[in-house]
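Report on the structure
What follows is each chain in one-letter form.
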Amino acid sequence: MNVTRTPAFRHRHLLDIDGLSAAEIGALLDLADFYVDLGRRADKKINRLRGRTLVNLFFESSTRTRTSFELAGKRLGADVINMSVEGSSIKKGETLIDTAMTLNAMQPDVMVVRHSDSGAVELLSQKVDGAVINAGDGSHAHPTQALLDAVTIRRRGKRLSGLVVAICGDILHSRVARSNIMLLTTMGAVVRVVAPPTLLPTAVERLGVEVHHDMRKGLKDVDIVMMLRLQLERMHGAFVPSIREYFHFYGLDREKLSLAKEDALIMHPGPMNRGVEIDSEVADDINRSVIREQVEIGVGVRMACLDALVNHTLEIPVEKAA
Amino acid sequence: MSAASPTARRVAYRNARLLDPSSGLDAKGGLLTVNGTIADLGPHIFAAGTPDDAEVVDCKGLCLAPGLIDLRASLGEPGAEHKETIATGTRSAAAGGVTSVVVTPDTRPVLDDIALVEFIERQGKATGVVHVYPSAAVTRSLEGKEMTELGMLAEAGAVAFTDGFKSITNAMVMRRALSYATAFGLLISHHTESPDLVGTGVMNQGELATRLGLSGILNESEVIMLERDIRLVLATGARYHAASISTADSVDVIRAAKAQGLPVTCGVSPCHFALNENEVGDYRTFAKVSPPLRSEDDRRAIVAGLRDGTIDVICSNHKPQDQDSKRRPFAQAAFGAVGLETLLPIGLELVHKGELTMIEMLRRLTSAPAQLYRLPGGRLAKGAPADLVLFDPGMPWRIDADAFLSKSKNSPFDRRPVQGRALRTVVEGETVHLFG
């Protein structure tokens, strides 16, 4: 990207994409590129966070995001603690704020927080001294997912500006969709949302996206197809009639994919429901699907976010040997 | 319907009064069908004589119109074959001049699955004498909870979606169904009767119900559901049809919604423009229909709604009931009546009384329902299906339920003197009913 480097990163927390300028996003993606490359070396460590403490506080279960942050923290040299709802005082009825205050007393430098309620991470961030990274709050935001999607796209040689991206599926409940819409439109991409009306939030077009109910029209000539997970409990008559109807009209298969550009990439934030929103054949297509790459790149992106927040800079570290 | 003959089969209808609401045509002339299609029509097409190989039907100046299209009939199959079957129901339709019937999904099992929609289509072709189109359920088992596979059911051939004679109580379920339907441009037809307000009611709430000691169905039970629906249409932009309205308030509400430009339409059954609650008289269970027969003021408002175009279609609400379902104390008797065979003569009452022109009355039974459910037929035009009814608008007769071709014999119009009768009903060029 041809953006002016902004070496300083003045944000205390990373709660959403909204607060970031196009220049900041560009620099953050560049920094992430460096960390992705670092992760491919034999020695993956760099001491940008030595002596620092990272707390992973997950009120909602997660495998890949929590592991990704844990690995990112460790590769940067931080001490990492994982807290999950299971077996914690949260289960005993402690309020969100009390939990935050208790953990804050232990002086963590960064807290990575996931919560099922929109806005809960921001509320928590107001009560702690260190930096807070939103690892997903309700249907609101998941900024590191949007950043890693952008890095994945760029590393496949595509410019974000002018790119046509279709985000397909349960937009209504998706924090990934919201953060991606925010990031991609900020970076000058054209975003389409493709879903039945029951899975679209009210006034979604006001977020600067094109709305499509017909997937065949929505996928026409797109560069990127982003599929979203449809939660099982939403498939049986409430939001969509059934799995088979959903797959028939909104599942990504070869035939629908053929309408996108020939070199269009397929993305999915995981975990996938094969045969619900995506056909296995398409999900596993090594030429088109970048779903596993997204996971790898996620670690590098989280390293970049941790580095930027703790060290207040977006400058790419000059290091000889880690 | 008969197998295709090796050579083209031509039928020349001479000396007819051609009536086509879709074009406004009302003129003397002839009509030629070739196989299943209308090949030509007009005042002078047989001026040089009819084609040599054509069968000639002399219409004797009587009315030749598109076959009637009924959007709301319960044909019993599957599950209530003791009340009606597709074979008997379509013969009843043909006797009434009806050439297309849309069946309601309130069967057993409910038409909420692709296999059942396909069953109706198959059974219609195998045993029916007129066109049979399935409408499918909006919610599974008509329970008003979970949406059916609207998109795939439409692909399988469901022409509209409705929970039949049941209302969807949960407003969120209705909203989501309407919203989902917009993705495919589907129409939802709704029975607008709030079950909470109907309660244990069995006839119109009013003086007569009070005198008879019968539990009344509130007038508001209909308009509250209708107003709710119209709010939801406003929010979703979905195509919505109030299947069968019965009150003056409902006419006002639909009129206002149309003035707002909303995609809202409505239907009415002959019971509700021709009869009022007094038919219940001394507990006549044949007059127990849903929605209930209303007051005379309501009936007049319905007629006014037909006249000014607020009411788009006339439907039969054909819901045959066996004797056991009707020979009970009024409160315990089933709702519903045979409607296909009385649709035309009761419709013609509107014309004889000067309330609607012949063309306007026929529009509500032909081109309007065809357009609404996007069905072929319903018009006299070159290339249109040769689905026709030849009727004598003036023939006096007395409705005799015992003579119905329907398997069931219950009708609130039994013994009613009427004027006008279908003489010949033609489906895809073949005569499927001939009177006398």
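This is a predicted model, so every value here is computed, not measured. Per chain, the residues get numbers from 1 upward, laid out in the order the sequence is written. All chains are assigned letters beginning at A, and all ligands numbers beginning at 1, according to the order in which they are written. Given that the model is predicted, a residue must reach a pLDDT of at least 70 before its local features are reported, and side-chain atom pairs must reach 80 or more before they are shown or counted; all residues, however, enter totals for whole chains, interfaces and linings. The side-chain values count all of the structure's non-hydrogen atoms but skip hydrogen atoms and water molecules.

Quick word on the overall build of chain B
When you go through chain B residue by residue, the secondary structure sums to 14 helices and 18 strands. Its C-alpha radius of gyration of 21 Å places chain B within 12% of the 22 Å reference for a compact globule of 436 residues. Along the longest, intermediate and shortest principal axes, the C-alpha atoms of chain B span 65 × 45 × 45 Å. Across the 436 residues that make up chain B, the buried fraction comes to 62%. Any pair of residues with heavy atoms lying within 4.5 Å of one another is described as a contacting pair. Considering only residue pairs separated by 6 or more positions, chain B has 76% of its internal contacts joining residues 24 or more positions apart. All accessible areas in this document rest on Shrake-Rupley with a 1.4 Å probe, and a residue is counted as covered only by the protein chains that are shown. Counting every atom, chain B has about 15900 Å² of accessible surface; 50% of that belongs to carbon and sulfur. His is not counted, nor are the chain ends, whereas Lys and Arg count as positive and Asp and Glu as negative. To locate a charge, the coordinates of NZ of Lys, CZ of Arg, CG of Asp or CD of Glu are taken. For chain B, the distance from the average position of its 46 positive side-chain charges to the average position of its 51 negative side-chain charges is 1 Å. A run of DSSP states H or I qualifies as a helix once it reaches four residues; a run of E qualifies as a strand once it reaches two. Both are numbered from the N-terminal end. For a compact globule the rule gives 2.2 Å times the number of residues to the power 0.38, and the radius of gyration it is set against comes from C-alpha atoms. Partly exposed residues are those whose accessible area sits between 20% and 50% of the maximum for their type, while under 20% is buried and over 50% is exposed, using a 1.4 Å probe and protein chains only.

Notes on the overall build of chain A
Each helix and strand counted, chain A has 11 helices and nine strands in total. For 322 residues, the compact-globule formula gives about 20 Å, and the C-alpha radius of gyration of chain A, at 19 Å, lands near that figure. With respect to the three principal axes, the spread of C-alpha positions in chain A is 50 × 50 × 35 Å. Residues classed as buried in chain A amount to 58% of the 322 residues present. Considering only intrachain contacts with a sequence separation of at least 6, the fraction spanning at least 24 residues in chain A is 75%. Roughly 13100 Å² of accessible area belongs to chain A as shown, and the carbon and sulfur atoms make up 50% of that amount.

Some remarks on the sheet that holds strand β14 (residues 264-268) of chain B
All names here are of chain B. Pairing between two strands requires that DSSP report at least two bridges joining them. Reading across the sheet, the five strands line up as β9-β10-β13-β14-β15 and stay open at both edges, with parallel pairing between neighbours. Single-partner strands in this sheet number two, and they are β9 (161-162) and β15 (313-314). Examined bridge by bridge, β9 and strand β10 (residues 187-190) share two bridges and lie parallel to one another. Counterpart to T162 in the pairing with β10 is S189.

Here's the deal with helix α2 (residues 114-127) of chain B
End to end, α2 of chain B covers 20 Å across 14 residues, agreeing with the expected 20 Å (1.5 Å per residue, within 8%). Buried within α2 of chain B are the following residues: I114, L116, V117, I120, Q123 and G124 of chain B. Against α8 (243-250) of chain A together with α1 (86-95), β7 (98-103), β8 (131-134) and α3 (150-156) of chain B lie the buried residues of α2 of chain B. With a side-chain oxygen lying 3.1 Å from the backbone nitrogen of A115 of chain B, the N-terminal cap of α2 of chain B falls on D113 of chain B. Any helix carries an expected span of 1.5 Å times its number of residues minus one. Two N or O atoms form a polar contact when they lie within 3.5 Å of each other; inside protein one atom must be a possible hydrogen donor and the other a possible acceptor, and for residues adjacent in sequence the pair counts only when both atoms belong to side chains.

Some words on the interface of chain A and chain B
Taken residue by residue, the interface counts 16 residues in chain A and 18 residues in chain B. Accessible-area loss on putting two parts together, using a 1.4 Å probe and summing over both, is the definition of buried area adopted here. Of the roughly 1400 Å² buried where chain A meets chain B, counting both sides, 55% is carbon and sulfur surface. Counting the surface chain A buries against chain B, the share from its top three residues, P241, R244 and E245 of chain A, is 33%. By definition here, a salt bridge exists when the distance from a side-chain nitrogen of Lys or Arg to a carboxyl oxygen of Asp or Glu is within 4 Å. Counting the contacts that link chain A with chain B gives two salt bridges. Its salt-bridge partner being R244 of chain A, residue D113 of chain B comes within 3.6 Å of it at the nearest N-O pair. Taken together, chain A and chain B are joined by seven residue pairs in polar contact (both at pLDDT 80 or more). Residue composition of the side of chain A that touches chain B, by class: eight nonpolar, six polar and two charged. Under the scheme applied here, ten amino acids are nonpolar (Ala, Val, Leu, Ile, Met, Phe, Trp, Tyr, Cys and Pro), four are charged (Asp, Glu, Lys and Arg), and all others, including Gly, are polar.

Focus: the domain arrangement of chain B
All names here are of chain B. Each assigned domain of chain B is listed here: domain 1 (10-64 + 385-395 + 413-434) and domain 2 (67-373). Computed over C-alpha atoms, the centres of domain 1 and domain 2 are 29 Å apart. Roughly 2200 Å² of surface becomes buried between domain 1 and domain 2 when both sides are summed, with 69% attributable to carbon and sulfur atoms. Together, P21, F413 and R416 form the three largest contributors to the area buried by domain 1 at its contact with domain 2, with a combined 31%. Boundaries between domains were set according to an automatic or database domain assignment.

Details of the pairing of strand β18 (residues 430-434) of chain B
Pairing between strand β17 (residues 417-427) of chain B and β18 of chain B: four bridges, direction antiparallel. Residue pairing in the sheet places V427 of chain B in a bridge with E430 of chain B of β18 of chain B.

With respect to the packing of aromatic side chains
Two aromatic rings from Phe, Tyr or Trp, using only the six-membered ring of Trp, form a pair when their centres are within 6.5 Å; if the ring planes differ by under 30 degrees the pair is stacked, by over 60 it is edge-to-face, and anything between is tilted. Scanning the entire structure with this criterion turns up four aromatic pairs over all chains. Here the aromatic cluster, defined as three or more aromatic residues joined through ring pairs, consists of F249 of chain A together with Y180 and F184 of chain B. Charge-over-ring placement is defined geometrically: NZ (Lys) or CZ (Arg) within 6 Å of the ring centre, and within 35 degrees of the ring normal. A cation over a ring is seen here: R72 of chain B above F165 of chain B, with NZ or CZ 4.1 Å from the ring centre. When the ring centre of F335 of chain B is taken as origin, the NZ or CZ atom of K288 of chain B, which lies over that ring, is 4.7 Å away.

Things to note about the pattern of salt bridges
Taken as a whole and judged by the stated rule, the model has 40 salt bridges over all chains. Among the ionic pairs, D26 of chain B bridges to R17 of chain B, the shortest N-O distance being 2.9 Å. Classification of D26 of chain B by relative accessible area gives partly exposed; the value is 37%. For the salt bridge of R364 of chain B with E360 of chain B, the shortest nitrogen-to-oxygen distance reads 3.0 Å. A residue is classified by how much of its surface remains accessible, and E360 of chain B, at 26% relative accessible area, is partly exposed. Connected through salt bridges with shared partners, the residues D30, D33, D37, R154 and R155 of chain A form a single ionic network.

Focus: empty space enclosed by the protein
Residues and elements named next belong to chain B. For each structure, a 1 Å grid was placed over the protein atoms alone; sets of points admitting a 1.4 Å probe that cannot get out are labelled cavities, open sets with protein on both sides within 12 Å along at least five of seven lines are labelled pockets, and lining residues have an atom within 4 Å of a point. Grid points are joined across faces, edges and corners, and a volume is the space filled by probe spheres set on the points. If you walk through the whole model with that rule in mind, you get four cavities of 30 Å³ or more. For the largest cavity, the calculated volume is near 120 Å³. Taken together, 17 residues make up the lining of the largest cavity; nearest its centre are C271, V289, S316, N317 and A337. For the lining of the largest cavity, the class distribution of residues is eight nonpolar, eight polar and one charged.

Let's talk about helix α5 (residues 143-155) of chain A
Residue and element names in this part refer to chain A. For α5, which comprises 13 residues, the first-to-last C-alpha distance of 18 Å matches the rise-based estimate of 18 Å (1.5 Å per residue) to within 8%. Counting buried positions along α5 gives 12 out of 13 residues, so the element sits mostly inside the fold. With its phi angle positive at about 80 degrees, G157 sits one or two positions after the end of α5.

So, the nonpolar core
By nonpolar core we mean a set of buried residues, namely Ala, Val, Leu, Ile, Met, Phe, Trp, Tyr and Cys, connected to one another through side-chain atoms within 4.5 Å. Within the largest apolar cluster, 197 residues are counted, with the highest numbers of intra-cluster contacts made by L147 and L252 of chain A together with F273, M361 and F391 of chain B. Once residues lying within four places of it in the same chain are set aside, the contact partners of L252 of chain A are M215, L219, V225, M227, F247, L257, I266, E277, I278, D279 and V282 of chain A. The next biggest cluster of nonpolar side chains, apart from the first, holds 19 residues, and it includes V57, L380, A381 and L390 of chain B.

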